[in-house]
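# Architecture at a glance
Take a look at the letters that make up each chain.
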Amino acid sequence: MLAIENLTKHYGSIAALQGVSLSLERGEFFGLLGPNGAGKTTLMSLVAGIRPADSGEIRLNGAPFDHRRVEQRRQLGFVPQAFALYDELSGEENMRLFGRLYGLRGALLRDRVEEGLLAAQLQERRRDKVSTYSGGMKRRLNIVAAILHRPPLLLCDEPTAGVDPQSRNAIFEFVQRLNADGMTIVYSTHYMEEATRLCSRIGIIDHGKLLALGTLDELLLQLPFAEQIRIARNEETAPHLPAFARLGELVTMEDAFVLTPRADTRLSDLFGLAEKIGLANRHFQMTRPSLESVFLHLTGKTLRDA
Amino acid sequence: MRTILILIGNELRRFANHKTGLALTFLVPMVLIYIFGSVFGVGRTGGGGPTGILLAIVSQTDAPVSAAITDALRKEKAFKVITTQKDAAGIEQPLTEAEVREMMRAATLRFALIFPTDTQSDQLFGLKMKFLNNPRNEIETQTVTGLLQKTIYSSAPQALLTGLQKRGADYIGKENFDRFNHSISEAIAQAFGGKAEDISKDMKNGVVTFGQPANGSFFDSLIKIESEQVGGGQVKNPMATRSVGGWATMFLLFSLTAASTSLFEEKKAGIYQRLLSAPVDRTHILWSKYLSFVLIGLVQLTTLFVAGRFLFGIDITTNFGNLLLICLAAATACVAFGMFLAAISPTSAVATGLGTFLILTMSAVGGAWFPRSFMPEFMQHLSPFTIVYWAMEGFVQVLWANCTTRELLPTLAVLFGIAAVVNTISVWRFKRGNIFE
C-alpha cells in the first residue's frame, strides 16, 4: 500500500528526518510512536504531500507518489494534529467544503456528509458554528472531514491531542471501525497506551530516525530482559534507591521507580536486599516490559522525558 | 498594591518583548507628526503653506501690468508659474486660453490666470483678469484664490500707477508731464516733508504707500478678477465628492490588509495542512484568497458609494460603469498590498503593525487627508508611488471630471500595474516562505 524509502528532510540545519524507510500492507493499523519533535508530523506531512522531501521516495500502491497527481491525493486522507477546521462555518458547511474539494457532489456528497455527521455524533449540532464545539467534537469532526472521499489510506497525526478520556475512547472506536472496514491507517502518537491498544505494528521514531519497527511482541523481544520490577515511589523506598540502582538500571516514573535488572542480577538478590533494609513485599511488583521500556532501551530516556 | 505592581511589571515586560509593537508605538506617531508638522510649516524653511502649485498664465495683452503681476506670482513660492509650452517642433510658445482650458479638462492643470486684451483699457482706470479654476480640492482652491488676491493686490498698484504715468506722458507730452510731476512733488514736499526729487522719482516708478497694502474695499473697485470654474460644475455635492475617494481607499486598505492576515490564522489553525493534502495546491489557495478579497473590496467600495449617494447626494449613476472600473482597480491594488504585507511578514502581528504604519503614511502622503501641495516638495514627489494617490486620482476623474473610459485608462493601467507587480512578488514570496509550512 505504502512504501517509504530512505526519506530525508531538513529544516535549515535541523535534520527532521534521517533516512526513514518503512512499508505498509493494505489494511494495516500502523503506529508511529515518538516524543514531540521526533519527526512524526514531518513524516506524515511528506506522505500527505504537503511538503516535499529533500531526498528519498514514497510509493503509493507501487507507483511513485507525486503530490500533483489528483488521483493519488484522493487515495489519501489526512487528519492534521491541529483542528484544521473553519471556525466561522458550521460542522456541516466544513464537511461540504472538504467533500467538494475531493470532487464529491450532489447526492453522493449529501450522503457522505450525513454519514460523517452520524459517525461524529454531530447531527444535533450540524448547523452550529465550529467555534462553539467542544474539543472532543472538533476532534471527531476533524477525522470525519478527512474520510469523506473514502480514502484507502488514512494518516492520523496525533488525532486525540488534548481531548478528554471519554472522547478519546470514542475516537479509538471510530478509527478501529474504519480499519476493520479495510482502511489502512497510519497513526502517530506519543502515548504508548494508544499505540499498544490500536496498532498492529509500531514504528518508534526519535530525532528523525526510525529506531525500531515491528509488532508489539517483536519490539519487546528486542529487549535483553523479560521482566522489570516496579518499586513503589514513597517515603519508605526513596532513601534506599541507591542500593537498588546497583542491581540494574533504575528509572523514575510518575508513580514508581522501574528497575530493569542487569543480566547477572537474580531475583533473590533483590528480595534479599529488601529484607535486609526492612522493606515489605508490597512495595515491589514484577511487570512485563512495555513499549516505554523499549523506548527507554533504544533511546536511554523515557517518552515523557524525551 | 504589590499585586498591581507585579502585573504592571509583567505588562511592561510583554510590551518590551513585542518588538513590532514597540517599534510602531514610536515610529507611527513620529512619522505622522513629521508629516503634519511639515504641512503646517513646523521646521520648514520659509514656513508652512502650499508649494509648487501649477499656475498657468496667459497674457493676451501687452499691458506692462501683465508682466509685473506675472513676475510677482513667479516670486510666490506657492506657485509654479508656466506661461509657455513646447509646440510640435519643440519650440516654446506662449500658452493660449484654449490650450489652458484643455489642460484643465484633462486634469493636468487646476489653476490659470488670464490677462485678457482689455486687462487695462483707456476707458477705465483699473485692471481686469480672469481666474480659471478646477476646484478638485476645496482647501487648495481657497488657498490659491487667497494667495492670488494677495499677490495681485500687492503688485497691482505700482503697475497701475506706472501705466497711468505712461498714459499721462503719452497724452500731454513727456515735457509737460515731467513739469506736472515736479509741481506736484514740490507741493507734497512742502506739505508733508521729504525731498521733492525723491517724491518725483517714486511717482514716476509708481511707488505709492497707502499705509495698508491691498485695501480690499478700494482695490475691489479697481481690480476685477472674474472667476470661472472649469470642471466639476455639474457635481451636486462637491465637498463629499472630493473627499470620498481618499477615505474610501484608506478604509479599503485597512479592511483588506486585515483580511489578508487571515492567512496567518488559517496557518495556525492547520487549515493549509488539510487543504494541501487534498487536491489543492498553493497557487489555488493564493488565487482564491486574492480574488475573493478583490470581490469583497469591490462590494465594499460599491456599497460605500451607494451609501454616499443616499446620504450625501454623491452622483454615482452618471458615470457608474467607470466608477465600477476604478473601484475594481483600486480593490485589486489594495488587496495586492495586503497580500504583500502577509507575504513579507513573519507573523500576523507584524503584518498588522506594518500595515497600520504604511496605510497611514500612504494616506497622508497620497493626499487623502490634506492637499498634496501643502506638503514639502519631496513628499509631493513621493505621492505617485502610493496606491492612495492613484485611487484618489481615479475617483476624482470619474466623479468630479466625469472622464471617459479612454481618459481613465492611464490611471487604471497604473493601479492594475501596481497590483500585477506587487502580486507577482507576493506569490513568489509565498511560494518560498513558511506560510504553508
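Scroll up for the structure.
Described in the following lines is the structure provided in the data block. This is a predicted model, so every value here is computed, not measured.

### Observations regarding the overall build of chain A
A tally of helices and strands in chain A yields eleven helices and 14 strands. Counting only C-alpha atoms, chain A reaches 75 × 45 × 35 Å along its principal axes. Taking all 306 residues of chain A together, 51% fall into the buried category. Considering only contacts in chain A between residues 6 or more positions apart, those separated by 24 or more positions represent 68%.

### Details of unusual backbone geometry
Residue and element names in this part refer to chain A. In this model, Glu-158 sits at a positive phi of 45 degrees, which is unusual for a non-glycine residue. Inspection of the secondary structure puts Glu-158 in the loop between β7 (153-157) and α6 (165-180). Positive phi, close to 50 degrees, is recorded for His-207, a residue that is not glycine.

### Examining the interface of chain A and chain B
Tallying the contact residues gives 21 residues for chain A and 16 residues for chain B. Buried area between chain A and chain B, summed over both chains or domains, comes out near 1600 Å², and the portion from carbon and sulfur atoms is 56%. At the boundary of chain A and chain B, one finds six residue pairs in polar contact (both at pLDDT 80 or more). Of the residues assigned to the side of chain A that touches chain B, the class counts are 16 nonpolar, two polar and three charged.

### Looking at the side chain of Ser-293 of chain A
All names here are of chain A. Looking at the secondary structure, you find Ser-293 in helix α11 (residues 291-299). Within polar-contact distance, the side chain of Ser-293 engages the side chain of Gln-228 at 2.8 Å. Sequence-distant contacts of Ser-293, that is, excluding residues within four places in its chain, are made with Leu-223, Phe-225 and Gln-228.

### A look at the packing of aromatic side chains
Here the structure, examined in full by the defined rule, presents ten aromatic pairs over all chains. Residues Phe-271 of chain A and Phe-284 of chain A carry aromatic rings whose centres are separated by 6.2 Å and whose planes lie at 75 degrees to one another, so their mutual orientation is edge-to-face. Highlighted residues: Phe-271 of chain A in helix α10 (residues 267-277) and Phe-284 of chain A in strand β14 (residues 284-287), separated in sequence by 13 residues. Each ring, one from Trp-287 of chain B and one from Tyr-290 of chain B, has its centre 5.7 Å from the other, and the planes form 80 degrees; the classification is edge-to-face. Here the residue Trp-287 of chain B and the residue Tyr-290 of chain B both occupy positions in helix α12 (residues 282-312), the gap between them amounting to three residues, near one helical turn. Feature note: the residues Phe-244, Phe-271 and Phe-284 of chain A constitute an aromatic cluster, connected by ring pairs. The ring of Tyr-191 of chain A is capped by Arg-168 of chain A, whose NZ or CZ atom sits 4.5 Å from the centre of that ring.

### Quick word on the packing of α12 of chain B against helix α13 (residues 320-344) of chain B
All names here are of chain B. At a closest axis distance of 8 Å, the pairing of α12 and α13 adopts a crossing angle of 135 degrees. Put simply, α12 runs oblique to α13. Viewed along their axes, α12 and α13 form a crossing whose handedness is right-handed. Residues Leu-286, Lys-289, Tyr-290, Phe-293, Val-294, Gly-297, Leu-298, Leu-301, Thr-302 and Phe-305 of α12 form the contact with α13, whose participating residues are Leu-323, Leu-324, Cys-327, Leu-328, Ala-330, Ala-331, Thr-332, Val-335, Ala-336 and Met-339.

### What to know about the sheet that holds β7 of chain A
All names here are of chain A. The sheet built from six strands is open, its strands ordered β6-β7-β8-β3-β9-β10 with mixed pairing. Single-partner strands in this sheet number two, and they are β6 (76-79) and β10 (209-214). When the angles between neighbouring strand axes are averaged without regard to direction, this sheet yields 15 degrees. In the packing of α11 onto the sheet, contacts are made with β3 (29-33), β9 (201-206) and β10, and the angle to β9 comes to roughly 40 degrees.

### Comments concerning the packing of helix α9 (residues 238-260) of chain B against α12 of chain B
Residues and elements named next belong to chain B. Where α9 contacts α12, the axes come no closer than 10 Å and their chain directions differ by 150 degrees. Judged by the inter-axis angle, α9 sits roughly antiparallel to α12. Considering how the two elements wind past one another, α9 and α12 form a crossing that is right-handed. Of the residues in α12, those in contact with Ala-240, Val-244, Ala-248, Phe-251, Leu-252, Ser-255, Leu-256, Ala-259 and Ser-260 of α9 are Phe-293, Gly-297, Gln-300, Leu-301, Leu-304, Phe-305 and Phe-312. Considering only residue class, the contact of α9 with α12 consists of twelve nonpolar, four polar and no charged.

### Observations regarding the sheet that holds strand β2 (residues 14-24) of chain A
All names here are of chain A. One open sheet accounts for four strands, arranged β2-β1-β4-β5; its pairing is antiparallel. Either end of the sheet is taken by a strand with one partner, and the two such strands are β2 and β5 (63-64). Sheet topology places strand β1 (residues 2-11) next to β2; seven bridges connect them, and they run antiparallel. Looking at the pairing, Tyr-11 lines up with Ile-14 of β2.

### Quick word on helix α10 (residues 262-269) of chain B
Residue and element names in this part refer to chain B. Turning to α10, its buried residues are Ser-262, Leu-263, Phe-264 and Glu-266. Packing partners of the buried residues in α10 comprise α9, α11 (271-277), α12, α13, α14 (348-366) and α17 (405-432). At the C-terminal side of α10, Gly-270 shows a positive phi close to 85 degrees.

### Quick look at the pairing of strand β4 (residues 55-60) of chain A
Residue and element names in this part refer to chain A. Two strands pair when backbone bridges link them, and β1 and β4 are joined in this way by five bridges, in the antiparallel orientation. Its bridge partner lying in β4, Thr-8 is registered against Ser-55. As defined by bridge partners, β4 adjoins β5 across two bridges and the pair is classed as antiparallel. Residue pairing across strands places Leu-60 opposite Ala-63, the latter belonging to β5. Linkage of β4 to β5, two consecutive antiparallel strands, is achieved through a turn of two residues, within which Asn-61 is found at a positive phi near 50 degrees.

### Looking at the pattern of salt bridges
On inspection of all chains with the given rule, the structure shows 21 salt bridges over all chains. Arg-266 of chain A is paired through a salt bridge with Asp-269 of chain A; the nearest N and O atoms lie 3.9 Å apart. Residues Glu-228 of chain B and Arg-101 of chain B are paired through a salt bridge, measuring 2.7 Å at the closest nitrogen-oxygen approach. Taken together, the residues Glu-228 of chain B in strand β7 (residues 223-229) and Arg-101 of chain B in helix α4 (residues 97-105) connect sequence positions 127 residues apart. By relative accessible area, which is 24% here, Glu-228 of chain B ends up partly exposed. Overlapping salt bridges bring together Glu-97, Arg-101, Lys-130 and Glu-228 of chain B as one network.

### Some remarks on the pairing of strand β2 (residues 79-82) of chain B
Residues and elements named next belong to chain B. Judged by which residues are buried, β2 turns out to be one-sided: Phe-79 and Val-81 face inward and are buried, whereas Lys-80 and Ile-82, on the alternate face, are not. Sheet topology note: the strand β1 (residues 53-59)/β2 ladder contains four bridges and is parallel. The residue of β2 that forms the bridge with Leu-54 is Lys-80. In this fold, β1 hands off to helix α3 (residues 64-75), which returns the chain to β2; that crossover is right-handed.

### Some thoughts on the environment of Glu-92 of chain A
All names here are of chain A. Within the fold, Glu-92 resides in helix α3 (residues 91-101). Placed 40 residues apart in sequence, Glu-92 and Thr-132 show a C-alpha to C-alpha distance of 13 Å. Setting aside anything within four residues of it in sequence, one finds Glu-92 in contact with Val-113, Leu-117, Arg-126 and Arg-127. A polar contact is formed between the side chain of Glu-92 and the side chain of Arg-126, at a distance of 3.1 Å.

Reading the values: rules and limits
Residues numbered from 1 in each chain as written. Chains lettered and ligands numbered in written order. Predicted model: local features only at pLDDT ≥ 70, side-chain atom pairs only at ≥ 80, totals over all residues. Heavy atoms only, no water. Helix = DSSP H or I, 4+ residues; strand = E, 2+ residues; numbered from the N terminus. Buried < 20%, exposed > 50% of the residue type's maximum accessible area, 1.4 Å probe, protein only. Contact = heavy atoms within 4.5 Å. Buried area = accessible area lost by both parts, 1.4 Å probe. Polar contact = N/O pair within 3.5 Å; in protein donor to acceptor, adjacent residues only side chain to side chain. Nonpolar A, V, L, I, M, F, W, Y, C, P; charged D, E, K, R; others polar. Phe/Tyr/Trp six-rings, centres within 6.5 Å; stacked < 30°, edge-to-face > 60°. Lys NZ or Arg CZ within 6 Å of the ring centre and 35° of its normal. Axes fitted to C-alpha atoms, helices over the stretch in contact; angles between N-to-C directions. Parallel < 35°, antiparallel > 145°, perpendicular 65-115°, else oblique. Left-handed = near helix turned anticlockwise from the far one by under 90°. Pairing = 2+ DSSP bridges. Salt bridge = Lys/Arg side-chain N within 4 Å of Asp/Glu carboxyl O. Right-handed = clockwise from strand over helix to strand, strands pointing away.

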